[in-house]
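Close look at the chain arrangement
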Number of protein chains: 2
Amino acid sequence: MPVSIQDVADRANVSISTVSRVLNRRNIVNDVTRKRVESAIEELGYRPNVFARGLMLRRSHILGLVLPDLHGEFYSEIIRGANARARELGYKLMISSVAADDDGSELMATVADQALVDGVAVMVSEVNARTRATLSTVKVPLVVLDGEVQGVRHDSVVIDQRLGAVALIEHLIRDCGARRLVFVGGLPTNFDTIERLAALQQVAADADVKIDPGNVYHLDYQYDTAFELGQKRVKEWSRRRFSVFAANDEMAAGIIDAAIDAGISVPDELPVVGFDDTRIAAMTRPRLTTVSVPMSSMGAAAVDLLCQRLEDPSRPATKLTLQSELVVRESCGVNSQT
Amino acid sequence: MPVSIQDVADRANVSISTVSRVLNRRNIVNDVTRKRVESAIEELGYRPNVFARGLMLRRSHILGLVLPDLHGEFYSEIIRGANARARELGYKLMISSVAADDDGSELMATVADQALVDGVAVMVSEVNARTRATLSTVKVPLVVLDGEVQGVRHDSVVIDQRLGAVALIEHLIRDCGARRLVFVGGLPTNFDTIERLAALQQVAADADVKIDPGNVYHLDYQYDTAFELGQKRVKEWSRRRFSVFAANDEMAAGIIDAAIDAGISVPDELPVVGFDDTRIAAMTRPRLTTVSVPMSSMGAAAVDLLCQRLEDPSRPATKLTLQSELVVRESCGVNSQT
DNA sequence: GGCCTGAATGACAGCGCTTTCACTCAATGA
DNA sequence: TCATTGAGTGAAAGCGCTGTCATTCAGGCC
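Residues numbered from 1 in each chain as written. Chains lettered and ligands numbered in written order. Predicted model: local features only at pLDDT ≥ 70, side-chain atom pairs only at ≥ 80, totals over all residues. Heavy atoms only, no water.

1. Quick word on the packing of helix α8 (residues 161–175) of chain B against helix α9 (residues 191–207) of chain B
Residues and elements named next belong to chain B.
- Orientation of α8 relative to α9, taken along the N-to-C sense of each, is 45°, at an axis distance of 9 Å. Between α8 and α9, the crossing angle belongs to the class labelled oblique. For α8 against α9, the interelement crossing comes out right-handed. Between α8, through Gln161, Arg162, Ala165, Val166, Ile169, Glu170 and Ile173, and α9, the contact on the second element is made entirely by Phe191, Asp192, Glu195, Arg196, Ala198, Ala199, Leu200, Gln202, Val203, Ala204 and Ala207.
- Here the residues of the contact of α8 with α9 sort into 11 nonpolar, two polar and five charged. (Axes fitted to C-alpha atoms, helices over the stretch in contact; angles between N-to-C directions. Helix = DSSP H or I, 4+ residues; strand = E, 2+ residues; numbered from the N terminus. Parallel < 35°, antiparallel > 145°, perpendicular 65-115°, else oblique. Left-handed = near helix turned anticlockwise from the far one by under 90°. Contact = heavy atoms within 4.5 Å. Nonpolar A, V, L, I, M, F, W, Y, C, P; charged D, E, K, R; others polar.)

Written as structure tokens, this is what we have:
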């Protein structure tokens, strides 16, 4: 039923070799012959069989993208960026998600399909022995997003959260007069949480601002849990003149809402800042001061890196760093944009 | 370099046929032999070549998902739902996007990769002759999301927006006392816009509520354009006691913000409702009254339908309808949840 | 013993493509 | 005139797998 290269060859009165040559624009084919083949292809609506081609070429022109979860704008933006760039470069994108709390086996099952993809970009929320072991079995080019896996050869694209985070916290301390800070992050093993907390501690130390270990909370990046935490703590935070640095916008929104419910004014009685600059950052009231991270660029960069390595497998491992940027809105108390 | 079925056969001292049989659990293989083959597979870390297999079986276990755009929560939720179900059923998902204003050629290029996928789910924002022509060339099972394409054999999963929309408008009219309505939708050719406007007109007619054609606006589902429209009209709407029905939450948020900027209170002076119940619907102030549509279920259902047809190609075309549901919050003026 | 049966396995023909190698046949130079 | 070129093409060998058919061989029956 499906039309094969043989059908085209028959119709054009040439051998399949010639059709193949026309298809791949390789050795010179006589103009007249090529035209004949091309119209045969057109008339028959012929499309080369991807499998046969993949079998020969050992190339599928498919790139894998493995994300910890598909929830939230963060990931969807990565997909969008990766998809756009992949299309530009003539690749297809295969998406998989892995539960954030996966022990590695699921990651394994997903990445194991390397047999199909030419390369794979992986974002692991947490690097441990299991994930390391899993990733070391990957035989195709590997790009790690927003993290690094020791002992495994891979390129990576990371976001320099430090710069943005530092700018954010300096703004909070210098311009908004914060003296005491609360940090609300994800799990202590989470790469982003580690980075953001480190930035906080660094700036705080420099500015002689206090961060009590008791004021560092590890939640799960969700609105609800942050809201619950806020319900319990918001009055105390406000009374003691704290400012809240949440490691993402969702949690910042949760805390803002808890504060408002408790009759506490944000930012006057409790400044709150977020991270990521997702869609909701502009929707909260007050609007969130946050750090914009180039999510879709990250996806695009991953695809770039994969393709570059595919072209030149011997090039040295590359680490691409994307910058993050402070976005000042209203939730921190001083709107320097006005 | 890569280990093939022959390597396994050699190591286990059997023929490749036997290895293949072990792999596919087909004809009975002697227990002793099977164990030997299995351990050979294990030791060699053998994984069947997807292309060779696909070439024989004409099955890739990959499903395609083509969306008009990858922006926005709506699409990312579809991807999430589809991905989860695909994984459950042993399929992989390949994502592509097509610009919303595509004339069909891009859709063509994307869907043309049917050679690779076992089936494809397509969401077209607008059905016209071009898209119809493109989709009629698809040779694998096709599921159309949120729409129908005449003359092309396909299954479909649609969201019954009518029910939710009707409930929303009835709530607006009956419970909130709306007498005059403004509709802010997408392009007049957009399926969702057509459905939602139709529901509005139906209910309005029944309730003897007026909808002036001059109060039907066709925008692009974006916050910004709605905000701009709001800046121009919000005072007039408020003065004339209008209520605004926006065809998605983004536009509703834009109008709310325009109203607030103009010093107009929502909902007291201008009730506004949205559609979709995306993340931002709970983030606006006041929170949006909207209609929740089961986005991720839609993705999952598409995958289900595809797999079912793959199993039984002769089954009659199926149309799966998902229900939408009114979500009352604050932006309409009466919070019946309290 | 000769024959049949059926379980277990192997040999081999493709699937549709790319690619190597060989071939044809003008045009060219000696 | 004849060997030599090289552009253009075809024949055929796989790529790694599945599935059909053939083969082997122990056990059961007459």
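From this point, the discussion proceeds with the structure in view.
2. Re the sheet that holds strand β7 (residues 216–218) of chain B
Residue and element names in this part refer to chain B.
- Taken together, four strands build an open sheet; the order of strands is β7-β6-β8-β9 and the sheet is parallel. In the strand order of this sheet, the two ends are held by β7 and β9 (272–273), each with one partner.
- Where strand β6 (residues 180–185) and β7 come together, three bridges link them in parallel fashion. Looking across to β7, one finds that Val184 is bridged to Tyr217.
- Strands β6, β7 and β8 (242–246) of the sheet are contacted by α9, whose axis makes an angle of about 175° with β6. (Pairing = 2+ DSSP bridges.)

3. Describing helix α2 (residues 16–24) of chain B
Residues and elements named next belong to chain B.
- Of the positions making up α2, those classed as buried are Thr18, Val19 and Val22. Projected down its long axis, α2 shows its buried positions confined to an angular sector of 100°, all on one face.
- Downstream of α2 by a residue or two, Arg25 has a phi angle that is positive, lying close to 45°. (Buried < 20%, exposed > 50% of the residue type's maximum accessible area, 1.4 Å probe, protein only. Arc of directions from axis to C-beta.)

4. Remarks on the packing of aromatic side chains
- Tallied over the entire structure, the rule returns 10 aromatic pairs over all chains.
- On the basis of an interplanar angle of 75° and a centroid distance of 5.6 Å, the ring pair of A:Phe74 and A:Tyr75 is categorised as edge-to-face.
- Among the aromatic residues, ring-to-ring pairing joins A:Phe183, A:Phe245 and A:Phe275 into one connected group.
- Directly above the ring of B:Phe275 sits B:Arg196, whose terminal nitrogen or CZ lies 3.9 Å from the centroid.
- Here the basic side chain of B:Arg279 rests over the ring of A:Tyr223, its NZ or CZ set 5.2 Å away from the ring centre. (Phe/Tyr/Trp six-rings, centres within 6.5 Å; stacked < 30°, edge-to-face > 60°. Lys NZ or Arg CZ within 6 Å of the ring centre and 35° of its normal.)

Distances and angles like these do not, on their own, reveal function.
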